[in-house]
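Understanding the architecture of this molecule
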Amino acid sequence: MQVILPPRMGFCFGVKRALKLIADEAKKVGEIYTLGDLIHNPQVVEELKKEGIKSVADLSQVKKGTIVIRAHGIDPSLKEKAVKKGLKVLDATCPYVLRVQKIAKLMSQESYEVIVVGVVSHPEVIGVTAGINKGKVYVIGSPEEAKKLPFIKKMGVIVQTTENLDNFRNIVKDLVEKSEECRVFNTICEVIKQRQKDAKNLAKKVEAMIVVGGHNSSNTYQLFKLCQNIGVKTYFIEKEGNLVEKEYKNLNKVGIIGGTSTPKETLERVKKKLLSID
Ligand code: F3S
């Protein structure tokens, strides 16, 4: 069996930055908590837990110490609440996510109704929409939802950094007809665009694709959907232990791709395990 790894693997800039900030903080004394999982990868979150860094769902669970804001960002009012509580706040929000928050806020201040293309329950989208304090905000995820929007005179469109580029393109086509003025900011992260491109190229060359990453990772899920849409048999696993050997027995060429919160080493271990099936 030939197993092909993608040209780009491992953590993106934002995840590396968040992990470095937390590692530096861990050298100091005091308790460290992350508000929600720092990144969407259960193995990495487990490693952090072993180092004493716990993930909490709510600020009320933290009495003292440092609270870390994850790479996806949070509702800005929660940050203020943490400061008022006397906690040290370590903001690991990715600068690309901060840019989306800033554009959304500016557009609302300039009287645009804001359309966020993304997943309504995703932490990044929650943080972006919570930071808009003027005018209407809509979150949509599909061309069907775009068609259902009312006519909006001044429309400002932004997109979740991890959204699928093809889906965004299709949605924008419909939005243009729904407004008199439509300002579109393609805020999909460059790393995400590259991963999607790599996934597409690889999926066209192999008999099966294995997408590796946390099941709660939005960008990994997008890679999974993208490979499936190409028509190749696609598996979504978190780690090498999830491989079901019999499914790969008769395959000659398999491709692997990982999300931006999947460690490079996990992909290498998946490859090693696949080769041992051969
Ligand atoms: Fe930031 Fe892009 Fe990663 S938005 S967290 S560098 S996927």
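Residues numbered from 1 in each chain as written. Predicted model: local features only at pLDDT ≥ 70, side-chain atom pairs only at ≥ 80, totals over all residues. Heavy atoms only, no water.

**Comments concerning the sheet that holds strand E4 (residues 66-69)**
- Read from one edge of the open sheet, four strands run E3-E2-E4-E5, paired in parallel fashion. Of all strands in the sheet, those bounded by a partner on one side alone are strand E3 (54-56) and strand E5 (88-91). Taking each pair of neighbouring strands and ignoring which way they run, the sheet shows an average axis angle of 30°.
- Examined bridge by bridge, strand E2 (residues 32-35) and E4 share four bridges and lie parallel to one another. If you follow Thr34 over to E4, its bridge partner there is Val68.
- The strands that helix H3 (residues 76-84) touches are E2, E4 and E5; relative to E5, the one it contacts most, it runs at about 150°. (Pairing = 2+ DSSP bridges. Helix = DSSP H or I, 4+ residues; strand = E, 2+ residues; numbered from the N terminus. Axes fitted to C-alpha atoms, helices over the stretch in contact; angles between N-to-C directions. Contact = heavy atoms within 4.5 Å.)

**Some words on the pattern of salt bridges**
- Per the stated rule, a full pass over the model turns up 15 salt bridges.
- The partner of Arg8 in a salt bridge is Asp198, and the shortest N-O contact between them spans 2.8 Å. Within this pair, whereas Arg8 is found in the loop between strand E1 (2-4) and helix H1 (13-26), its partner Asp198 is found in helix H8 (residues 190-203), the two being separated by 190 residues in sequence.
- Overall, Arg8 belongs to the partly exposed group, its relative accessible area being 33%.
- Through salt bridges with shared partners, a single network forms among Lys20, Asp24 and Lys27. (Salt bridge = Lys/Arg side-chain N within 4 Å of Asp/Glu carboxyl O. Buried < 20%, exposed > 50% of the residue type's maximum accessible area, 1.4 Å probe, protein only.)

**Examining the pairing of E5**
- Pairing geometry for E4 and E5, over four bridges, is parallel. Residue pairing for E5: Val68 is matched across the bridge by Leu90.

**Observations regarding the packing of aromatic side chains**
- A full pass over the atoms with the stated rule returns four aromatic pairs.
- Between Phe13 and Tyr96, the aromatic rings sit 5.7 Å apart at their centres with planes inclined by 55°, giving tilted as the arrangement. Remark: Tyr96 occurs in helix H4 (residues 95-109) and Phe13 occurs in helix H1; sequence separation between them is 83 residues.
- Taken together, the aromatic side chains of Tyr221, Phe224 and Phe236 make up a single cluster linked through ring pairs.
- Above the ring of Tyr112, the side-chain terminus of Lys154 is found at 4.4 Å from the ring centroid. (Phe/Tyr/Trp six-rings, centres within 6.5 Å; stacked < 30°, edge-to-face > 60°. Lys NZ or Arg CZ within 6 Å of the ring centre and 35° of its normal.)

**A short note on the state of the cysteines**
- Counted by the stated rule, this structure contains zero disulfides.
- A disulfide-free cysteine, Cys227 has its sulfur positioned 18 Å from the sulfur of Cys189, the nearest such atom. (Disulfide = S-S within 2.5 Å.)

**Digging into H3**
- Sitting at the amino-terminal end of H3 is Asp75, which places a side-chain oxygen 2.9 Å from the backbone nitrogen of Ser77.
- Downstream of H3 by a residue or two, Gly86 has a phi angle that is positive, lying close to 90°. (Polar contact = N/O pair within 3.5 Å; in protein donor to acceptor, adjacent residues only side chain to side chain.)

**Topic: the packing of H4 against helix H5 (residues 123-130)**
- One way to put it is that H4 packs onto H5 with a least axis distance of 8 Å and a crossing angle of 35°. Our pair here, H4 against H5, has a crossing hand that is right-handed. Between H4, through Val97, Val100, Gln101 and Ala104, and H5, the contact on the second element is made entirely by Glu124, Gly127 and Val128.
- Its residues assigned to classes, the contact of H4 with H5 comprises four nonpolar, two polar and one charged. (Left-handed = near helix turned anticlockwise from the far one by under 90°. Nonpolar A, V, L, I, M, F, W, Y, C, P; charged D, E, K, R; others polar.)

**Overview of the environment of Val254**
- Tracing the backbone through its elements, the reader meets Val254 in strand E12 (residues 253-258).
- Measuring from C-alpha to C-alpha, the distance between Val254 and Val206 comes to 5.4 Å, with 48 residues separating the pair along the chain.

**Topic: unusual backbone geometry**
- Phi at Ser111 takes a positive value of approximately 65°, unusual for a residue other than glycine.
- When you line up the elements, Ser111 lands in the loop between H4 and strand E6 (113-117).

**Quick look at the site of the ligand**
- In the region of the ligand, the neighbouring residues are Cys12, Gly14, Cys94, Tyr96, Thr161, Cys189, Ile192 and Thr260.
- Among the residues forming the shell around the ligand, the class breakdown is five nonpolar, three polar and no charged. (Near = heavy atom within 4 Å.)

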